[in-house]
Amino acid sequence: MPLPSEFHEIAKRVNNWGRWGAADEIGTLNLITGAVVRAAAATVTTGRRVPLALQLRQDGVQTGMIPGRVNPLHTMVAVNWEMFGPDTVATSDDTVTMGLQAGTHWDALPHVSHSGKIYNGRPAASITAHGRAAFSGMEKAGPVVSRGVLLDVARARGTERLDGGHIVTPEDLDAAQELAGVTVRAGDIVLVRTGQIQHYLTGDREAYAFPSPGLSIRTPEWFHARDVAAVANDTLTFEAFPPEFENLWLPVHALDLVEMGMLQGQNWNLEELSEACAEENRYAFLLSATPEPFMGGTGAPVAPVAIL
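Residues numbered from 1 in each chain as written. Predicted model: local features only at pLDDT ≥ 70, side-chain atom pairs only at ≥ 80, totals over all residues. Heavy atoms only, no water.

Novice: I'm lost on the pattern of salt bridges in this one. Help?
Specialist: Overall, the coordinates contain 17 salt bridges when judged by the stated rule. Note that Glu221 is salt-bridged to Arg13, the shortest N-O span being 2.6 Å. Of the two residues, Glu221 is situated in helix H7 (residues 219-225) and Arg13 in helix H1 (residues 5-14); the sequence distance between them amounts to 208 residues. Owing to a relative accessible area of 27%, Glu221 belongs among the partly exposed residues under this scheme. (Salt bridge = Lys/Arg side-chain N within 4 Å of Asp/Glu carboxyl O. Helix = DSSP H or I, 4+ residues; strand = E, 2+ residues; numbered from the N terminus. Buried < 20%, exposed > 50% of the residue type's maximum accessible area, 1.4 Å probe, protein only.)

Novice: Just to check I follow, could you spell out the packing of aromatic side chains for this structure?
Specialist: What describes a pair of aromatic rings is the distance from one ring centre to the other and the angle between the planes of the rings. Applying the stated rule across the entire model yields five aromatic pairs. The interplanar angle of 45° and the centroid separation of 6.0 Å between the aromatic rings of Tyr200 and Tyr208 together place this pair among those described as tilted. Since its relative accessible area comes to 10%, Tyr200 is described here as buried. Plain terms: the ring middles of Trp222 and Phe223 are 5.5 Å apart, the flat faces sit at 80° to each other, and that makes the pair edge-to-face. One exposure class covers both Trp222 and Phe223, and it is buried. Connected via pairs of aromatic rings, a cluster forms that spans Phe210, Phe241 and Trp249. (Phe/Tyr/Trp six-rings, centres within 6.5 Å; stacked < 30°, edge-to-face > 60°.)

Novice: I tried to follow a nonpolar patch on the surface on my own but got confused; where do I start?
Specialist: Residues Trp81, Met83 and Phe84 make up a contiguous nonpolar surface patch of roughly 380 Å² in combined accessible area. Tracing the backbone through its elements, the reader meets Phe84 in the loop between strand S2 (73-81) and strand S3 (91-97). By relative accessible area, Phe84 is classed as exposed at 67%. (Patch = residues over 30% accessible without salt bridge, like charges linked within 9 Å, V, L, I, M, F, W, Y side chains within 5 Å. Areas by Shrake-Rupley, 256 points an atom, 1.4 Å probe, with all protein chains shown as cover.)

Novice: In this structure, what is going on with the packing of H1 against helix H8 (residues 251-260)? I would like to understand it.
Specialist: In helix packing, the relevant descriptors are the interaxial angle and the interaxial distance, both defined with respect to the helix axes. Two elements in contact, H1 and H8, have axes separated by 10 Å at closest approach and are oriented at 30°. Put simply, H1 runs roughly parallel to H8. For H1 against H8, the interelement crossing comes out right-handed. Across the interface between the two elements, Phe7, Ile10, Ala11 and Val14 of H1 pack against Pro251, Ala254, Leu255, Glu259 and Met260 of H8. Taken together, the residues of the contact of H1 with H8 sort by class into eight nonpolar, no polar and one charged. (Axes fitted to C-alpha atoms, helices over the stretch in contact; angles between N-to-C directions. Parallel < 35°, antiparallel > 145°, perpendicular 65-115°, else oblique. Left-handed = near helix turned anticlockwise from the far one by under 90°. Contact = heavy atoms within 4.5 Å. Nonpolar A, V, L, I, M, F, W, Y, C, P; charged D, E, K, R; others polar.)

Novice: Is there a simple way to explain the sheet that holds strand S12 (residues 263-266) in this structure?
Specialist: The pairing of strands in a sheet happens through backbone hydrogen bonds and is either parallel or antiparallel. If you trace the nine strands from one edge of the open sheet to the other, you get S1-S15-S13-S7-S9-S11-S12-S4-S14, paired in mixed fashion. Either end of the sheet is taken by a strand with one partner, and the two such strands are strand S1 (49-51) and strand S14 (299-301). Going from strand to strand, the sheet's axes swing by 25° on average, the running direction of each strand aside. Pairing of strand S4 (residues 105-107) with S14, which is carried by three bridges, proceeds in the antiparallel orientation. Following the sheet pairing, Trp106 is matched in S14 by Ala300. In the packing of H8 onto the sheet, the strands contacted are S4 and S12, and the crossing angle to S12 comes to about 135°. (Pairing = 2+ DSSP bridges.)

Novice: Help me understand the nonpolar core, please; the structure alone is not making it clear to me.
Specialist: When a protein is soluble and globular, its nonpolar side chains tend to lie buried together. Membership of the largest hydrophobic core comes to 66 residues, with the highest contact counts inside it found for Trp106, Leu191, Phe223, Trp268 and Leu273. Beyond its immediate stretch of four places on either side in the chain, Leu273 contacts Val50, Leu52, Leu150, Leu191, Phe285, Ala306 and Leu308. Grouped together as the second largest cluster of nonpolar side chains are seven residues, Val61, Tyr200, Ala209 and Leu236 included. (Core = buried A, V, L, I, M, F, W, Y, C linked by side-chain atoms within 4.5 Å.)

Novice: Before we go on, may I ask you to explain unusual backbone geometry in this structure?
Specialist: A negative phi holds for most residues other than glycine; trans holds for most peptide bonds. With an omega of -10°, the peptide bond running from Phe210 to Pro211 counts as cis. Cis geometry is found at the peptide bond from Phe241 to Pro242, where omega equals 5°. One can find Pro242 in the loop between strand S11 (230-233) and H8. Despite not being glycine, Asn267 has its phi angle at roughly 60°, a positive value. Relative to the helices and strands, Asn267 resides in the loop between S12 and helix H9 (271-280). Classification of Asn267 by relative accessible area gives buried; the value is 0%.

Below, the structure written as structure tokens:
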């Protein structure tokens with residue numbers, strides 16, 4: 001199905017191509033300035049640290065729906081090997097094969113394309129099998145540290161988990177912002193909780209994958225208006241699955257990554273953070289979420305930590 005006129009109209013309104021120059025490769029991460037990071041550090045009061053990553057394991061979130069995006073295959077290549085001879089110090093080593101978007105991860109800007117283009121108007125053909133992503137690869141992101149804001153949509157709607165297929169709207173984000181008692185501002189990293197990951201945490205990978213709540217095609221304008229630096233949530237697909245509009249697949253990915261140049265994250269475990277924020281009655285914190293710097297990667301694992 002060709003991208004509809006509504007998509008192209010939104011794309012024009014949120015487009016950031018050229019905003020930070022023709023050579024820019026990091027998009028909205030430019031909004032995380034030194035002043036933003038200093039203000040983020042000032043949110044730390046207790047030093048409580050909340051991990052947001054899922055364990056990397058062979059029975060992880062991937063079900064085989066996406067060919068090649070394999071859960072981590074973890075193999076020992078040395079076990080108590082006395083490398084330098086008998087009775088010397090022994091070493092154990094291991095290796096991993098995995099999809100870079102298999103677990104808790106960031107999508108890099110060239111993860112998707114549309115109309116033959118990636119972020120900043122570069123050709124999608126600049127991504128090749130051997131050269132990987134020539135522009136905006138995951139290594140270009142650098143350190144990702146800013147103020148994080150939890151928008152707990154599920155809690156704001158009075159439930160522990162949104163129904164599968166629920167479309168998270170700008171109005172939902174407004175309600176979660178009101179619950180949080182904070183105003184999302186330039187350079188923030190917004191975490192949107194739906195509660196969907198509860199399915200995975202209780203062992204039901206299929207229910208986690210489908211049907212899933214997710215962000216509406218209308219939400220990129222909400223983030224663009226507030227100059228958000230990056231967005232992540234607790235679902236496999238980020239946007240609703242099945243899609244908001246029949247046969248219109250991944251339009252939010254295209255608006256966020258291609259048009260805005262905004263990192264988006266998936267499979268973030270926001271359950272402990274939801275409880276911590278509710279207990280302390282504050283929803284803004286220092287967030288450290290630097291991706292593994294794979295050269296030319298279209299995504300990368302991340303082990304985010306919220307510091308309250």
